[in-house]
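Chain by chain, the residues run as shown.
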Amino acid sequence: MLIFEKSRAGRQCSLFPPCDVELKTLPEGDRRKTELHLPELSETELSRHYTELSKKSRGVNDGFYPLGSCTMKYNPKVNDDMAGLEGFADIHPLQPESTVQGAMEVIQTIEKLLCEITGMDRLTVQPAAGAHGEFTGLMLIKAYHESRNDFKRDKIIIPDAAHGTNPASATMAGYKVVTIPSNERGLVDMEKLKAVLGDDVAGLMLTNPNTVGLFDDNILEITKLIHDCGGLNYYDGANLNAVMGVVRPGDMGFDVIHLNLHKTFSTPHGGGGPGSGVVGCKKLLADFLPSVLVEGEQDKHFVKPVKSIGDMKAFYGNFLVVVRALTYILTLGKEGIPEACKNAVLNANYMRYKLKDLYTMAYDEVCMHEFVMSLQDLKDKTGVSAMDIAKSLLDNGMHPPTMYFPLIVHEALMIEPTETESKETLDQAIEVFRKLYKEAEKNPEALHNAPVTTPVGRLDEVKAAREPVLRYQWT
Ligand SMILES: *Cc1c(COP(=O)(O)O)cnc(C)c1O
């Protein structure tokens, strides 16, 4: 039942103090023409309503959540404690700089640490999400070429395994997207890459390890080929979990990157934000960064780089997400960051190894932080699809992995266990996956009907996207 349906006129749960200023009425033109409908509930009802809602949803605090490419790791609660400190939570972006030196130190410190982790020279915390960071990074690439009076570069090369946001961001930045097919190992096809190189290439966008969880061992040659034809290399670092503290994009030949603090650096995500898609770059792009960077030691101040592309978002981005991410990095420290990375890779390989005799691996080799299975064989044999298995997982207390992505793998399930899961949890998940495979062979019907234990069964996802009902219709 919706909160609006529970509403009863006159019920309330807040008591306002008596008004101590003179009441004024708004000018006629500024007043509502229609009645303002707000739900009216007692505190008991309100509390029960939200508790009930929270039980219907599933998150990292409820159980295993191996949603590939999304890095649903556990978000330590200490991050939220820090973000709640009044010196961070209660400040205003227009306060004088002298009164927010601590907050500025947070921005300065995370810039320094993330530059060290990624091998970049400067970093902005302004972009609000991964896709927003990609757009920012591409605008930097564009500003760079244009500053050299090089206007003929109108192409961005993107492998077909890329996250969908990559071609979307490149198109938004005004570029033509040149898609290159992956080779049989899911990696960049060197011959296909060489065939599209030329002086019209503005740059390459690459995820490494890529979206099938494999590290491209030709990476140095790839980035050099792009540089040799005058282009720049963009690194989609949304999931840095597989390399952080071990390998640096800057050392792989990348000039600009974005990171999703809301994936790798353990700030809550899903449900639409807020996120943070910080963008780091090498010196050659630093003059073009968005307009706020922190400079100074004793007396910190905000500066706008000389040839800045301008603001990508108001003020300093989603600052409290940055506070959470900094807390996470400082908690783990120099030893903990690479350890988390290695455990993420170990956990993925452990699950892959324990499932590969039953499920077909899309690429049967050592993976990084995630792996992709193709359920095409199972579907041909039994009629049970990746969707059926995913939905059945819900009845077994698990959030499904990412489905039908990347598009180059048929009936794909993409599993990213992350480092924060215990061996027991992984073993349990492996057992569930194995059980469902056997069930698919014996009783496929049961899997077509899953889930049966959730508040709702199979939803019409297309209808939900095409005809969203976002407002309650009062009668
Ligand atoms: C999640 C993700 C993105 C997009 O990040 P958003 O914050 O959702 O915009 C881009 N690339 C990859 C590889 C991702 O996994």
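Residues numbered from 1 in each chain as written. Predicted model: local features only at pLDDT ≥ 70, side-chain atom pairs only at ≥ 80, totals over all residues. Heavy atoms only, no water.

Per an unreviewed UniProt entry, the recorded name for the protein chain is Probable glycine dehydrogenase (decarboxylating) subunit 2, and the organism is Oribacterium parvum ACB1.

This part takes up the pairing of strand β3 (residues 176-180). In this sheet, β3 lies alongside strand β2 (residues 155-159) in parallel orientation, the contact comprising five bridges. Counted as the bridge partner of Ile158 is Thr179 from β3. Remark: the β2/helix α7 (residues 165-172)/β3 crossover connection has right-handed handedness. (Pairing = 2+ DSSP bridges. Helix = DSSP H or I, 4+ residues; strand = E, 2+ residues; numbered from the N terminus. Right-handed = clockwise from strand over helix to strand, strands pointing away.)

Enumeration according to the criterion identifies eight aromatic pairs in this entry. Residues Tyr235 and Phe254 carry aromatic rings whose centres are separated by 4.9 Å and whose planes lie at 65 degrees to one another, so their mutual orientation is edge-to-face. Here Phe254 lies in the loop between β5 (232-237) and β6 (256-259) and Tyr235 lies in strand β5, a separation of 19 residues in the sequence. We classify Tyr235 as buried; its relative accessible area is 1%. Aromatic pair Tyr359 and Phe433: ring centres 5.9 Å apart, planes at 90 degrees, arrangement edge-to-face. Taken as a pair, Tyr359 in the loop between α11 (319-355) and β10 (360-361) and Phe433 in helix α14 (residues 423-442) lie far apart in primary sequence, 74 residues in all. By the burial criterion, Tyr359 is buried, and Phe433 matches it. (Phe/Tyr/Trp six-rings, centres within 6.5 Å; stacked < 30°, edge-to-face > 60°. Buried < 20%, exposed > 50% of the residue type's maximum accessible area, 1.4 Å probe, protein only.)

Moving on, we get to the UniProt feature "domain: Glycine dehydrogenase C-terminal" (unreviewed entry) in the protein chain. UniProt annotation of "domain: Glycine dehydrogenase C-terminal" (unreviewed entry) refers to residues 340-442 when read in the numbering used here. When the span residues 340-442 is considered, its composition is 51% helix and 12% strand, and the gap between its end C-alpha atoms is 39 Å. (UniProt positions renumbered as here; feature names shortened; annotations may be inferred.)

To continue, consider the site of the ligand. Ser69, Gly130, Asp236, His262 and Lys263 are the nearest of the 13 residues found near the ligand. The separation between an oxygen atom of the ligand and a polar side-chain atom of Asn239 is 3.2 Å. Between the ligand and Asn260, the relevant distance is 3.0 Å, taken from an oxygen atom to a side-chain nitrogen or oxygen of the residue. Its free accessible area being 380 Å², the ligand has 86% of it covered by the protein chains. For the shell around the ligand, a count of residues per class yields three nonpolar, seven polar and three charged. (Near = heavy atom within 4 Å. Polar contact = N/O pair within 3.5 Å; in protein donor to acceptor, adjacent residues only side chain to side chain. Areas by Shrake-Rupley, 256 points an atom, 1.4 Å probe, with all protein chains shown as cover. Nonpolar A, V, L, I, M, F, W, Y, C, P; charged D, E, K, R; others polar.)

Looking now at the pairing of β5. When you tally the buried positions in β5, you get six out of six residues, the bulk of the element. Along β5, one buried face is formed by Leu232, Tyr234 and Asp236 and the opposite face, lined by Asn233, Tyr235 and Gly237, is buried too. Direction of pairing for strand β4 (residues 201-206) relative to β5: parallel, over a ladder of four bridges. Opposite Gly203, over in β5, you have Leu232 as the bridge partner. Two elements, β5 and β6, share four bridges in a ladder whose sense is parallel.

Judged by nonpolar contacts, the single largest core of 57 residues is most densely connected at Ile110, Leu114, Met244, Leu261 and Phe265. Every element with two or more residues in this core is listed here: α5 (101-118), β3, α8 (190-195), β4, α9 (219-228), β6 and α11. Considering every element that reaches this core, the biggest residue donor is α11, with 11 residues. Setting aside residues no more than four positions away along its own chain, Leu261 makes contact with Ile110, Leu114, Ser266, Thr267, Ser276, Val278, Val321, Val322 and Ala325. Leu355, Val384, Leu413 and Leu447 belong to the second-largest nonpolar core, a separate cluster that totals 29 residues. (Core = buried A, V, L, I, M, F, W, Y, C linked by side-chain atoms within 4.5 Å. Contact = heavy atoms within 4.5 Å.)

Think of an α-helix as 3.6 residues a turn; residues three or four steps apart then line up on the same face. Along its 18 residues, α5 runs 26 Å from first to last C-alpha, staying within 8% of the 26 Å computed at 1.5 Å per residue. Within α5, 13 of the 18 residues are buried, leaving the element largely enclosed by the surrounding structure. Of the residues trailing α5, Gly119 is marked for its positive phi of about 75 degrees. (Expected span 1.5 Å × (residues − 1).)

Looking at the assigned domains, one finds that the protein chain contains domain 1 (78-331) and domain 2 (343-454). Using C-alpha coordinates to define each centre, domain 1 is positioned 31 Å away from domain 2. With 21 residues of domain 1 in contact, the opposing surface of domain 2 contributes 17 residues. The contact between domain 1 and domain 2 buries some 1400 Å² in all, and 62% of this surface belongs to carbon and sulfur atoms. On the surface where domain 1 and domain 2 come into contact, there are one salt bridge. Two residues, Glu365 and Arg185, come together in a salt bridge whose shortest N-O distance is 2.9 Å. Joining domain 1 to domain 2, the criterion identifies four residue pairs in polar contact (both at pLDDT 80 or more). (Domains from an automatic or database assignment. Buried area = accessible area lost by both parts, 1.4 Å probe. Salt bridge = Lys/Arg side-chain N within 4 Å of Asp/Glu carboxyl O.)

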